[in-house]
Structure formats: C-alpha cells, structure tokens
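What follows is the residue order along each chain.
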There are 2 protein chains.
Amino acid sequence: MFTCDVKRMEDKIKTFSKFGDAGHGGITRYSLSPEALMARAEFKKRMEAIGAVIEVDDVANMYATIPGSDPDAKRIVMASHVDSVKNGGNYDGILGVMGAMEVLETVVANNIPHKHPLTAMIWTNEEGSLYPPAMMVSGIVCNDYLPPQIAKNFKYENMMASKSVLDGTKTFGEALEASGYKGDKKYRLNPDQYKAMFELHIEQGPILEDAGNDVGVVDCVLGMFNYRIKFYGQAAHAGTFPMHKRKDALHAAALALCYLHEEIDKLGRPELVYTTGEILCHPCVHTVIPDYVEFSLDVRHEDPKVREQVMEIVKSLETKEWARCKCEIKEAWARDTVYWDKELVGFVEEAAKESGVKYQHINSGAGHDAQFASYMMPTTMIFVVSKDGLSHCEPEYSSPEQCTAGATVMLNAVLKLDAK
Amino acid sequence: MFTCDVKRMEDKIKTFSKFGDAGHGGITRYSLSPEALMARAEFKKRMEAIGAVIEVDDVANMYATIPGSDPDAKRIVMASHVDSVKNGGNYDGILGVMGAMEVLETVVANNIPHKHPLTAMIWTNEEGSLYPPAMMVSGIVCNDYLPPQIAKNFKYENMMASKSVLDGTKTFGEALEASGYKGDKKYRLNPDQYKAMFELHIEQGPILEDAGNDVGVVDCVLGMFNYRIKFYGQAAHAGTFPMHKRKDALHAAALALCYLHEEIDKLGRPELVYTTGEILCHPCVHTVIPDYVEFSLDVRHEDPKVREQVMEIVKSLETKEWARCKCEIKEAWARDTVYWDKELVGFVEEAAKESGVKYQHINSGAGHDAQFASYMMPTTMIFVVSKDGLSHCEPEYSSPEQCTAGATVMLNAVLKLDAK
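Residue positions within a chain follow its written sequence, with the count starting from 1. Both sets of labels track the order of writing: A upward for chains, 1 upward for ligands. A pLDDT threshold of at least 70 governs which residues receive local features in this predicted model, and a stricter bar of 80 or more applies before side-chain atom pairs are shown or counted, although totals over entire chains, interfaces and linings include all residues.

Chemist: Just checking my understanding: could you explain the interface of chain B and chain A for this structure?
Modeler: A common measure of how large an interface is: the accessible area buried when the components associate. A pair of residues counts as a contact when their C-beta atoms, built from backbone coordinates, are within 7 Å of each other. Counting residues at the interface gives 49 residues for chain B, matched by 49 residues for chain A. Segments assigned H or I by DSSP are reported as helices when at least four residues long, segments assigned E as strands when at least two residues long, and all are numbered from the N terminus. Sorting the residues of the side of chain B that touches chain A by element identifies α9 (249–265), β8 (273–275), β9 (279–282) and β10 (292–301) of chain B as the ones contributing at least two each. At seven residues, the largest contribution of residues to the side of chain B that touches chain A is made by α9 of chain B. By the convention adopted, Pro, Cys, Tyr, Trp, Phe, Met, Ile, Leu, Val and Ala count as nonpolar, Lys, Arg, Asp and Glu as charged, and the other residues, Gly among them, as polar. Split into classes, the residues belonging to the side of chain B that touches chain A amount to 25 nonpolar, 19 polar and five charged.

Printed below as a string of structure tokens:
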C-alpha cells in the first residue's frame, strides 16, 4: 500500500491552474491554444525531471513513460486531457493528467518495484470546445475498434477539417501543424504496446458528495441518446395577428417540453437524467411570432429498456399537434452503455478499500476518452468527489486531499494489475 | 368622388418591388441602403414628373409637394416609409408612399381643385431593422411633442450613434452623412406648416380578410407593454447531475410560458394579443443544464384595464418558484393607446362609404410613424387588407385593386379635409 503526496499534488494543481486562468477562479484552455501548450510544456518538464521518456504521436497525444523491470512487458497507461471548456474549472481533465504524473512521481520517489513500464498520457482535444466534436482525438486513435456508427463521426480527414467555433475558418489540422506537437503516428496508443488504460477524473455530479464519499469506483459510462425536436409554425406580426389563428412555434416548444418532463417523470426512474440544454428560435424578434423552434434532448440511463421507454415518449411528440404547429423529431446521436473491464474495476475497488478512503460504486453520466479506449484495451475509471456536484464551470472544486486520494487509488490499482 | 388609377398603382408596385428584391417574392431594403436610395430616386423622379417640389430634411425625410389654390393654406401630408425588415414583403411601408404618390398623380392628372398644398412624404428608418430602434426618425422629428418617457428613447444624438446590427460599428449618423440625403432641418415636418397627416398602410393581420373587407378605417394604435422575463438557475453537466437537484432555467421558462398562456387566456379577451417572440438561453449547449433563460413578452390591448389585468399575471411570476429557479421581471417598454383625430377618422369613413369599397372600423396592433406624428398634429390611418394576414415576411400581399381602393379612400378623405 503506497500513497501519493498531497503537497506535490497541491503544487501541480496550483501550477496548472495558471495556464488559461480566466481571472475569476476558473480557466479557458482550448486544445492546442497557447495556454494548453504551456500545460504540455509543464507536463514535459516535470516528467523529464523524473527520467520519463516523452513521445508525441501524430495527433499531439503526449506519452511520458518510465521503464519497468520486465523488458517484454506492455505499458500500463494513465490518461486524461489538459483542455477545458470555455470558462471551465481547474479539475476536469487535468486532474487525470496530474494524477498520472503523481503516480509516476510517487513510483520514482519511493522506488516502487514494478514490472510494466508506466505511462502518463495527455489526450488532445477531449472537450472539442474550439474544434468539435468532443473526444475527437480518442475517436481518431481508436477508430478501427469503434462500432461503425460511432467511428464514422471521427474520420481523420473530417476531424482535421473541423473549423474553429470562434473564427469559423482555422481548422484543427492547421492548429495541429502550428502547435509543434504533431509527432509520429507510430507512437499512437495501441493494444500491442499497451496493456490497459486507467483514467482518473472528477465526478462532475453530486452523488459522491451527497453520500459522504471521496472516491468513486466507476462501473460504466451510461448509454444515451440525443434528439433534435423541431416545431414548424407561421411567422406573423405580434401586434396584428389574433391569438386563435396563431401557429406559435415557441409556445408549441414550451408545451412539448413541459409534456416531456411530465411523461418522463411518470416512469419513476430517479437515476434517469434528461436535459434540454439548447434552444433555437427563428426569427427571435420580440415583435414577431416565431415560425421555427428547435431544441435538443439528451437522455442517459444504463438500461437500454429504460432508454427505449423514454424514446417512445419522445416519438409520441410527432403524433400530436402543439399550439397548431407541426413537430418533427430527429435522432442526432446514440450510444450503448460502456462497461469497464471487470478485473480492473476489481483492482480499483480493492485499492480503494485498502487505502481507507470513503468510496462507493458509481456510473459515469459524462463521456470520457476512456470509453473509446475501452474498445481497444481493458480500461477503467476512478472518480474524485466534486464540490456541490459542479463541473464545466468555474466553481468546480475538489480538495488537494481528495485529488490525492484518487491518485493513491489509481497508483495501487495499477500496481495490482502490474503484479498480476 | 375621384378614383385613383389601378394601372398606375400596379406599375408603381412592380417598380418599387425591384429595389431590394431578394429573389423569392420579397425584399430586404434597409433604411439608407443602396436599395432604399434607389426607391428614393424613383420617388423623386416620379414626383418631379408631375411638377412636385422636393425637399429633404436633416434626417433624410423626403417631401414632394404640389401647390394648392390658397397661398396661405397649410400643407396636408400623406406619409409612410420605404425601408423594410429583413426578408420583408412588397407592401409594408412602401404602400403608404405609393398611395401618397398616387393621390398626387391623380390630383394632377385630373386637375382636381384643392386649396391646400398636398405633400407625399417618405419617413426615414421606420423599421429600425439595420439601425434600431423602430420609428427612429419620427421619434426624432416629433421629439418635443412626445410624452417624456417615450421622447427619451429618441434623442437625436443617441439615434445618430445607433450601430448597425450587421457589423456592429457603422452608425446611423454615418449612413445618413454618406447617403446624400442629409438635407436641411428647416424642412422637418412641423405643425406650423402642416395641417394634418394621413398614413395608408397594410393591415398586417387577418381581420379585414376574415370579415370580407378591403379597407379599414383605423381608430387607434393599441396600447402595449413589453416585459423581459428572466430565470436564474444553476449550470451543471447534463449527464452527471440528478434531476431532483437541478435548477434548470429552460424548464423554468417553459413552465412559466405555459402558465402565462393559461392564465391570460382565462381573461376571455379574444381581442387581446400577447407574444413571446424572443428567447435567450445560456450557455445553450446541449450537454449543459441552462443557468439563465430570458424571454420577451409583448402584450397589446386598447383598454388599459385589460393591460393591467395581464400585468398582474406577469407580476405573479416573481412570487412563484419555477423548477427551483428564481424569476425576475423587468418592464422594457409601455405606451398608451393612441387614438386618431376623430374628424379625420370621420372623413376616412365617409370617403370609404362613398367609394363603395367594403370597409370596417379597425384598431392597429402595430406601431407606425403616424402615432408619433399624432402628438404634433391631427393624424389618422387607413388600412388595406393583407392576404392571409401575413406581414414582415415575403408572402405579404395586397392586390393592385385593393391597394388602389385604399389610395382612393385617402384621396377623398384628404379632399374632404381640404374642402372643410
């Protein structure tokens, strides 16, 4: 039983929080931005300081590896990302990189014997905040292993052509060329060279905190589906068109959204989450009755039967009229629940138990690079409690002690796999 | 009893529809744009052809005047605008200018005796589509006569500084300087020189059509109020945050919008109109629970007591909780019902009756330059039926016969005032 170092972890948290500091407690650190390159340089500097060898693949993923005692053993990799959403926090993604660094630093500092080489890895562009989509680069690297309906969304050429959401012109491919981090394809994560992947991450929800736990032994990433729900009305002047003749697409959307909440809640599934985060309204002028409104619906649950029940409710929208408007639904995205490797989950649980941390089993509602990697090699995740359950926003917080507890669990789980 | 000429009116409709033709039946003709300057040049050419004298004031309003027999008589002015909304139709505004031209052309062609000089006028920037606000220039010209709470929104300096909604930099003042239509302030519409104003306009609603009438004798512009209704929630990750803890500002807004419809409809006032045309959502990302949503509410009714009842319902929003979110309301704009000059309304009705057109009394739900002019001099409006009640969109349509019938009513109403 080895433990990571709180002081060293705290120093990393303070240092990395500077790269992209937005001035009010959080960061904006888009992938391959100057701020993200500063974080990569810091990673390189600290890993070289403990004797790790740095490799960079052709899509800017960085690998810092320390050798193991068995020259034939595959590497065990711990990976996450350094990029953030706009005005994000200091833990999402970077915690997994700092945790991997902390594991390597602890192994070196304590001369912990191990057979397998150990790798700390940075995935490029997980958030997709500047160059969509999210999990872009794990989608590229794991492409041959992904289910075809997912793989088709991450074709290398298309990803290189992804345009900046800020200026609409610069592409991810151009940013990659300019970054100085376009390395060699031969270094890409692959199952011949790597034995397994671990990802330490903040929970991004309040479940651990509400239960009084600090660490989550993650079992799966929830299956989900995404719909676009569209309402077609008729524009007319707000002052001159009588109510009884209106086809108000925004009123239609509001009625349908309330209906969705009512009907889905009747299923009585407290663990089900569903969200309408995006709404578009045309022409969106206060004196014009809207003729078109579209909103998103994101639904997540482990059980495909429950997702199917929700889908039936969503489909029923089309069979009804909403404020005299027509409704059309379109599936945008769907994925099955991804279960982590059971042996690795077992190692994480044993490590958590032995370290004395308060822990529980938990599912991941959010997507992570680990989920694409899991199609290629055994993979699992470890969660650290998130204060108030907040994430993708500046108040995101986990204490240095909690972050270190998560790294300690990862260290010992890795050592259990190493010793097997 | 004189009548205007359908062929001549049809020719004007065809000609003016070219200036800003968007290629699918409608126009985009922002105020002082190249397209609007073409419309102004056409107005000048046609009015000079009948011997009218052209004057242009310092805010680009154009006046074409033919003399009357009494050298001491004030002018009678017929006015509307040539600018349109984005992808608007071929009738809103321009009908009133074409109608005024048609009246002058009919008077000259038929040598109709009249004492007062007659003026056809173009108001600059009624729509405010490129340089907000709407009715900008009538707000400037009538400023000294407007109620203070309205006048303050139309101060000359502020209006000159109004920025283009397209590029966010060019100002209305710059567009005015560049237009070649910045004339002399002494020509501004004023009650010393002008006796009364008429405005011919399309109805922009379906009331005339539904009743089988072609012309509306307008009594008033409906009083209205505008609110911004705001919901404050808490952003969190769509996949990780349990439903029972969410503060979803968009769900809150949908519930409140449905509540508003239910409660306002209970008032049982079929002539009341209310509209939510605009909605803002933050951060508007499909994987994030919205933390802020704001929507507009536009309410119009002749009777202040009815508006007061609606306002009570709106105010009750703040006293409730909406999906655990706080609601805040803010009044953005309010105006009382503006009644047209009763004598002028009488002349319009007599003229409609004598011309044999199918007509009825009607209120205007939309705002018009005439409403600001009415604080300065006796003013009234005449409506022409709108096909399907559509306006501010490309299918906007009134037949040449209907447009000419409206002009004929204006001509004879003007002659009745002239003869008084």
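Chemist: What is the right way to read the pairing of strand β14 (residues 379–384) of chain A from this model?
Modeler: Two faces make up the sheet, and in a regular strand the side chains alternate between them. Residue and element names in this part refer to chain A. Counting buried positions along β14 gives six out of six residues, so the element sits mostly inside the fold. Of the two faces of β14, the one lined by Thr379, Met381 and Phe383 and the one lined by Thr380, Ile382 and Val384 are each fully buried. Any two strands are treated as partners once DSSP identifies two or more bridges connecting them. Of the strand pairs in this sheet, strand β5 (residues 194–202) and β14 are connected by six bridges, and their pairing is parallel. Looking across to β14, one finds that leucine 200 is bridged to isoleucine 382. Pairing analysis gives three bridges linking strand β6 (residues 215–221) to β14, with the strands arranged antiparallel. Considered in β14, the bridge of glycine 216 is made with phenylalanine 383. Around each residue's C-beta, the other C-beta atoms within 10 Å are counted; 20 or more make the residue buried, 12 or fewer make it exposed, and counts in between make it partly exposed. All C-beta atoms are placed from the backbone.

Chemist: Help me out: how do you make sense of the packing of helix α11 (residues 342–355) of chain B against helix α13 (residues 400–419) of chain B in this one?
Modeler: When two helices pack together, their arrangement is given by the angle between the helix axes and the distance between those axes. Residues and elements named next belong to chain B. Where helices are involved, their axes are fitted lines through C-alpha atoms of the stretch in contact, as for all axes, and angles between N-to-C directions lie from 0 to 180°. At a minimum axis separation of 8 Å, α11 and α13 run at an interaxial angle of 125 degrees. As far as their axial angle goes, α13 and α11 are oblique. As α11 runs across α13, the sense of the crossing is right-handed. Residues Leu344, Phe347, Val348, Glu350, Ala351, Ala352, Glu354 and Ser355 of α11 form the contact with α13, whose participating residues are Ala405, Thr408, Val409, Asn412, Ala413, Lys416 and Leu417. Counted by class, the contact of α11 with α13 contains nine nonpolar, three polar and three charged residues. An angle below 35 degrees is read as roughly parallel, one above 145 as roughly antiparallel, one from 65 to 115 as roughly perpendicular, and any other as oblique. Should the near helix be turned counterclockwise from the far one by less than a right angle, the crossing is left-handed, whereas a clockwise turn marks it as right-handed.

Chemist: Looking at this structure, how should I read the relation of the copies chain B and chain A?
Modeler: Related by rotation about an axis and a shift along that axis, the two copies of the chain form a pair. The superposition of copies rests on a least-squares fit of C-alpha positions from residues with pLDDT of 70 or more in both. When chain B is fitted to chain A, the best match, at an RMSD of 0.0 Å, comes from turning it 180 degrees and sliding it 0.0 Å along the axis. Considering both components of the superposition, the chain copies are consistent with a two-fold axis. Considering only C-alpha atoms, the residue of chain B closest to the rotation axis is alanine 254 of chain B, which sits at 2.3 Å. The fraction of interface residues of chain B whose copies in chain A are also interface residues reaches 100%, indicating that both copies meet through the same surface.

Chemist: Please clarify how unusual backbone geometry should be interpreted in this entry.
Modeler: Outside of glycine, negative phi angles account for most residues, and trans bonds account for most peptide bonds. The residue after histidine 282 of chain A, namely proline 283 of chain A, is reached through a cis peptide bond having omega -5 degrees. Despite not being glycine, alanine 60 of chain B shows a phi value in the positive range, around 75 degrees. Positionally, alanine 60 of chain B belongs in the loop between β1 (53–56) and β2 (62–66). In this structure alanine 60 of chain B comes out as buried when scored by C-beta crowding, with 24 C-beta atoms within 10 Å. With a phi angle near 55 degrees, methionine 135 of chain B is a residue other than glycine that sits in the positive phi range.

Chemist: Sorry if this is basic, but what is going on with the domain arrangement of chain A here?
Modeler: Residues and elements named next belong to chain A. Splitting chain A by domain gives domain 1 (6–221 + 337–419) and domain 2 (223–335). Boundary definitions for the domains trace back to an automatic or database domain assignment. For domain 1 and domain 2, the distance between their C-alpha centres works out to 35 Å. Opposite the five residues of domain 1 that make contact, domain 2 presents five residues. Looking at the side of domain 1 that touches domain 2 residue by residue, the class counts come to two nonpolar, three polar and no charged.

Chemist: Sorry, what's going on with helix α7 (residues 172–179) of chain A here?
Modeler: Every α-helix carries 3.6 residues per turn, so stepping three or four residues along brings you back to the same face. Residue and element names in this part refer to chain A. Among the residues of α7, those classed as buried are Phe172, Ala175 and Leu176. End-on, the buried residues of α7 take up no more than an arc of 100 degrees, which puts them together on one face. Buried-residue contacts for α7 involve α6 (156–160). Downstream of α7 by a residue or two, glycine 180 has a phi angle that is positive, lying close to 80 degrees. Along the arc lie the directions from the helix axis toward the C-beta atoms.

Chemist: Mind showing me how you'd approach the packing of helix α1 (residues 6–16) of chain A against helix α3 (residues 94–109) of chain A here?
Modeler: Residue and element names in this part refer to chain A. Viewed as axis vectors pointing N to C, α1 and α3 meet at an angle of 140 degrees, and their least axial separation amounts to 10 Å. As for the relative orientation of α1 and α3, their crossing is right-handed in sense. Contact residues: α1 offers Arg8, Met9, Lys12, Ile13 and Phe16, while α3 offers Ile94, Met98, Met101, Glu102 and Glu105. Its residues placed into classes, the contact of α1 with α3 shows six nonpolar, no polar and four charged.

Chemist: Is there a simple way to explain the pairing of strand β1 (residues 53–56) of chain A in this structure?
Modeler: Residue and element names in this part refer to chain A. Two elements, β1 and strand β2 (residues 62–66), share four bridges in a ladder whose sense is antiparallel. Directly across from glutamate 55, in β2, lies its bridge partner tyrosine 63. What sits between the antiparallel neighbours β1 and β2 is a turn of five residues, in which alanine 60 has the positive phi angle 70 degrees.

Chemist: Looking at this structure, I do not really get the confidence of the model for chain A. What am I missing?
Modeler: Low-pLDDT portions of the prediction should not be read for the details of their coordinates. Within a predicted model, pLDDT stands for the predictor's per-residue confidence, ranging from 0 to 100. With 100% of its residues at a pLDDT of at least 70, chain A reaches an overall mean of 97. Interface confidence for the predicted complex, given as ipTM, is 0.89, next to a pTM of 0.88.

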